[in-house]
Amino acid sequence: MGDCFIQKSDKKFLLIKHAAELVTCAGPAPKAGAAMAEMGIITDGALLAQDGKIIWVGKTDELPEVDQAQCEIVDAAGRCVLPGFVDSHTHLVFGGYRADEFFWRLGGLPYLEILERGGGILNTVKATRQATKEELKALGRQRLDAMLAMGVTTVEGKSGYGLDSETELRQLAVMDELNREHPVDVVPTFMGAHAIPPDYKGRTDEYVDFIIDEVLPAVAEQGVAVFCDVFCEKGIFSIEQSRRILTAAKALGLKAKLHADEIVSLGGAELAADLGACSADHLLQASDAGISALGTSGTVATILPMTAFCLREPYARARTMIDSGTAVALATDYNPGSCFSHSIPLVAALAATQLGMTAAEIVNALTINGAAAVGAAHRVGSLEVGKEADLVLLEYPSHQFLVYHAGMNIVSKVIKHGKVVWDKIC
């Protein structure tokens with residue numbers, strides 16, 4: 001007995017009934033400011049899906065008639081039912097590990113100094129370049145399995161560990177295949193502007209030209225990536241260099257994301273808002289002006305509290321962002337360096353204890369706002385008619401246990417496209 005993956009049922013309908021709480025997160029997407037407190041809880045809730053799409057949501061005693069012989073029936077008595085979690089910022093396809101560097105940082109060595117010594121991202125670049133497509137895919141599948149067990153049904157994955165054309169395209173191809181083969185939906189992001197490769201040291205503008213002139217057209221032709229992201233940071237890519245890359249990417253049909261204001265307040269949040277980026281991520285050092293710009297632009301502020309935790313850095317000002325009308329998402333930033341964890345429970349705990357977010361805000365940040373941060377809120381992230389039946393059942397009757405049972409995985413079942421795909425006990 002133990003964790004296991006389920007062979008998908010051939011039933012036409014999915015019927016969820018008697019949920020202690022059915023949390024819909026329905027409404028305009030993303031939820032911004034005060035609206036993040038609104039979850040839409042239905043007690044003794046029920047849900048009906050047909051062919052993977054939700055066709056009815058309400059109370060159990062109001063269920064429409066349906067031939068239950070055609071239904072996969074899940075009795076959710078004593079359980080809380082939530083939309084599947086959306087982890088909207090990860091770097092899940094990579095080779096090699098960097099355990100030593102974790103302890104170097106704890107010893108006081110700054111991140112940028114590690115990078116300047118040829119460590120950090122460049123260590124992973126070397127290992128990823130050497131890995132075959134099959135090796136990267138096997139690793140990616142293992143990681144997706146572990147994410148699914150924590151209730152993640154959609155995940156964003158970034159390239160950025162090639163810093164060349166061949167490896168970047170290989171990472172994206174792996175994500176595309178995993179998206180088609182694995183229950184978890186993978187949203188691929190091209191992030192060739194993740195660091196400066198050694199052969200371009202001191203020639204950042206030339207590397208930007210290389211990305212724009214050679215790599216981006218190849219990425220667009222491959223047709224896998226949905227987004228383009230840039231590590232906009234002092235000593236990495238400047239505001240103007242980041243603008244050039246993202247403008248070129250948008251011209252090729254890719255949507256914009258931005259690693260913004262993580263280490264210093266550079267103006268990344270303002271740039272993301274100005275470009276109409278789908279999300280601005282990290283934001284530990286975002287200025288008041290940057291936060292205000294995000295609130296008025298509709299760009300989602302994606303907060304990554306586990307990275308601040310692992311780096312022992314001040315946390316992003318999520319409370320200020322929400323109170324100023326910004327839509328906030330939460331994500332793990334799973335990667336081999338600054339945050340080697342995909343723990344949704346730890347994200348939730350840190351959001352409550354360190355970011356000052358309420359349980360309702362945390363749920364919305366992990367579902368509908370995470371979906372908006374990957375451009376998918378029209379189809380996932382909430383439980384309402386017309387959307388995909390991606391759901392999580394908790395072991396407890398209330399969403400509050402996500403934080404209350406601190407740091408523990410309390411997911412009991414995961415449903416994807418209307419089928420039970422993972423069960424803690426089976």
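Below, the structure is looked at part by part.

### Some details on the overall build of the protein chain
For step 1, the next point in the chain: The helix and strand inventory of the protein chain stands at 15 helices and 17 strands.
For step 2, the next point in the chain: A compact globule built from 426 residues should have a C-alpha radius of gyration of about 22 Å, and the protein chain, at 21 Å, falls within 12% of that.
For step 3, the next point in the chain: For the protein chain, the spread of C-alpha atoms along the three principal axes comes to 70 × 45 × 45 Å.
For step 4, the next point in the chain: In the protein chain, which comprises 426 residues, the proportion classed as buried is 60%.
For step 5, the next point in the chain: In the protein chain, 73% of the contacts between residues at least 6 apart in sequence involve partners at least 24 apart.
For step 6, the next point in the chain: Just so you have it, the protein chain exposes about 15,500 Å², and 52% of that area is on carbon and sulfur atoms.

### Thoughts on the environment of V403
For step 1, the next point in the chain: As for its placement among the helices and strands, V403 is situated in helix α15 (residues 401–404).
For step 2, the next point in the chain: Separated by 54 residues in sequence, V403 and A349 place their C-alpha atoms 5.1 Å apart.
For step 3, the next point in the chain: Look past the residues within four positions of V403 in its chain and what remains in contact with it is A348, A352 and I362.

### Brief notes about the environment of V300
For step 1, the next point in the chain: Its location among the elements puts V300 in strand β13 (residues 300–303).
For step 2, the next point in the chain: Take V300: its relative accessible area is 1%, and that puts it in the buried class.
For step 3, the next point in the chain: The sequence separation of V300 and S265 amounts to 35 residues, and the corresponding C-alpha distance is 18 Å.
For step 4, the next point in the chain: In this view, V300 contacts P30, C278, S279, A280, A327, V328, A329, N369, A372 and A373; residues no more than four positions away in its chain are not counted.

### Points about the pairing of strand β6 (residues 80–83)
For step 1, the next point in the chain: The pairing of strand β2 (residues 13–23) with β6 spans two bridges and is parallel. Its bridge partner lying in β6, E21 is registered against C80.

### Some words on helix α6 (residues 204–222)
For step 1, the next point in the chain: In this model α6 runs 25 Å from its N-terminal to its C-terminal C-alpha over 19 residues, within 8% of the 27 Å that 1.5 Å per residue would give.
For step 2, the next point in the chain: Turning to α6, its buried residues are T204, Y207, V208, F210, I211, I212, V215, L216, A218 and V219.
For step 3, the next point in the chain: Looking at the buried residues of α6, the elements they touch are α5 (165–181), β9 (185–193), β10 (227–232) and α7 (239–251).
For step 4, the next point in the chain: Downstream of α6 by a residue or two, G223 has a phi angle that is positive, lying close to 75 degrees.

### A short note on helix α9 (residues 288–297)
For step 1, the next point in the chain: Taken as a whole, α9 has its buried residues at G290, I291, A293 and L294. In a view along the axis of α9, the buried residues occupy a sector of 160 degrees, so they form one face of it. Among the exposed residues of α9, those pointing more than 90 degrees away from its buried face are D288 and T296.
For step 2, the next point in the chain: Taken together, the buried residues of α9 touch α8 (268–275), β12 (279–282), β13 and α11 (318–323).
For step 3, the next point in the chain: Just beyond α9, the residue with positive phi is G298, at close to 85 degrees.

### Brief notes about the sheet that holds β12
For step 1, the next point in the chain: One open sheet holds the eight strands; their spatial order is β7-β8-β9-β10-β11-β12-β13-β14, and the pairing between them is parallel. The two strands at the open ends of the sheet, each matched to only one other strand, are β7 (85–87) and β14 (328–330). Pairs of neighbouring strands in the sheet enclose a mean axial angle of 25 degrees, with direction left out of account.
For step 2, the next point in the chain: Both β10 and strand β11 (residues 255–260) contribute to a ladder of four bridges, which runs parallel. Residue C228 lies in a different strand from β11, and its bridge partner there is A256.
For step 3, the next point in the chain: Contacts from helix α13 (residues 359–366) reach β7 and β14 within the one sheet, and its direction differs from that of β14 by about 75 degrees.

### Quick look at the side chain of T302
For step 1, the next point in the chain: Mapped onto the elements of the fold, T302 is located in strand β13.
For step 2, the next point in the chain: On the basis of relative accessibility, which here comes to 0%, the residue T302 falls in the buried class.
For step 3, the next point in the chain: Every residue in contact with T302, bar those within four places of it in the chain, is listed here: S88, H89, S279, A280, D281, H282, L283, A329, A331 and A373.

### Structural notes on the packing of aromatic side chains
For step 1, the next point in the chain: In total, this model carries twelve aromatic pairs according to the counting rule given.
For step 2, the next point in the chain: Here the aromatic rings of Y200 and Y207 are separated by 5.2 Å at their centres, their planes lie at 55 degrees, and the arrangement is tilted. As far as burial versus exposure is concerned, Y200 and Y207 are alike and both buried.
For step 3, the next point in the chain: On the numbers, 5.3 Å between centres and 70 degrees between planes, the contact of F401 with Y404 is edge-to-face. Of the two residues, F401 and Y404 both sit in helix α15, three residues apart, roughly one turn of that helix.
For step 4, the next point in the chain: Look at Y404 and you get exposed, because its relative accessible area is 65%.
For step 5, the next point in the chain: Cluster of aromatic residues (ring-pair linked, three or more members): F94, Y97, Y161, Y334 and F340.
For step 6, the next point in the chain: Note that R143 overlies the ring of F94, its terminal NZ or CZ placed 3.7 Å from the centroid.

### Some words on the pattern of salt bridges
For step 1, the next point in the chain: With the rule as written, the count across this model stands at 24 salt bridges.
For step 2, the next point in the chain: Note that E388 is salt-bridged to R379, the shortest N-O span being 3.4 Å.
For step 3, the next point in the chain: The partly exposed category is assigned to R379, whose relative accessible area is 24%.
For step 4, the next point in the chain: Salt bridges sharing common partners tie together K133, K137, R141, E177 and E181.

### Description of unusual backbone geometry
For step 1, the next point in the chain: Positioned with a positive phi, D44 is a non-glycine residue whose angle comes to about 50 degrees.
For step 2, the next point in the chain: Locating D44 in the fold gives a position in strand β3 (residues 41–50).
For step 3, the next point in the chain: The class for D44 is partly exposed, based on a relative accessible area of 32%.
For step 4, the next point in the chain: Although it is not a glycine, D261 sits at a positive phi angle of roughly 50 degrees.

Quick notes on the rules
Residues numbered from 1 in each chain as written. Predicted model: local features only at pLDDT ≥ 70, side-chain atom pairs only at ≥ 80, totals over all residues. Heavy atoms only, no water. Helix = DSSP H or I, 4+ residues; strand = E, 2+ residues; numbered from the N terminus. Rg over C-alpha atoms; globule rule 2.2 N^0.38 Å. Buried < 20%, exposed > 50% of the residue type's maximum accessible area, 1.4 Å probe, protein only. Contact = heavy atoms within 4.5 Å. Areas by Shrake-Rupley, 256 points an atom, 1.4 Å probe, with all protein chains shown as cover. Pairing = 2+ DSSP bridges. Expected span 1.5 Å × (residues − 1). Arc of directions from axis to C-beta. Axes fitted to C-alpha atoms, helices over the stretch in contact; angles between N-to-C directions. Phe/Tyr/Trp six-rings, centres within 6.5 Å; stacked < 30°, edge-to-face > 60°. Lys NZ or Arg CZ within 6 Å of the ring centre and 35° of its normal. Salt bridge = Lys/Arg side-chain N within 4 Å of Asp/Glu carboxyl O.

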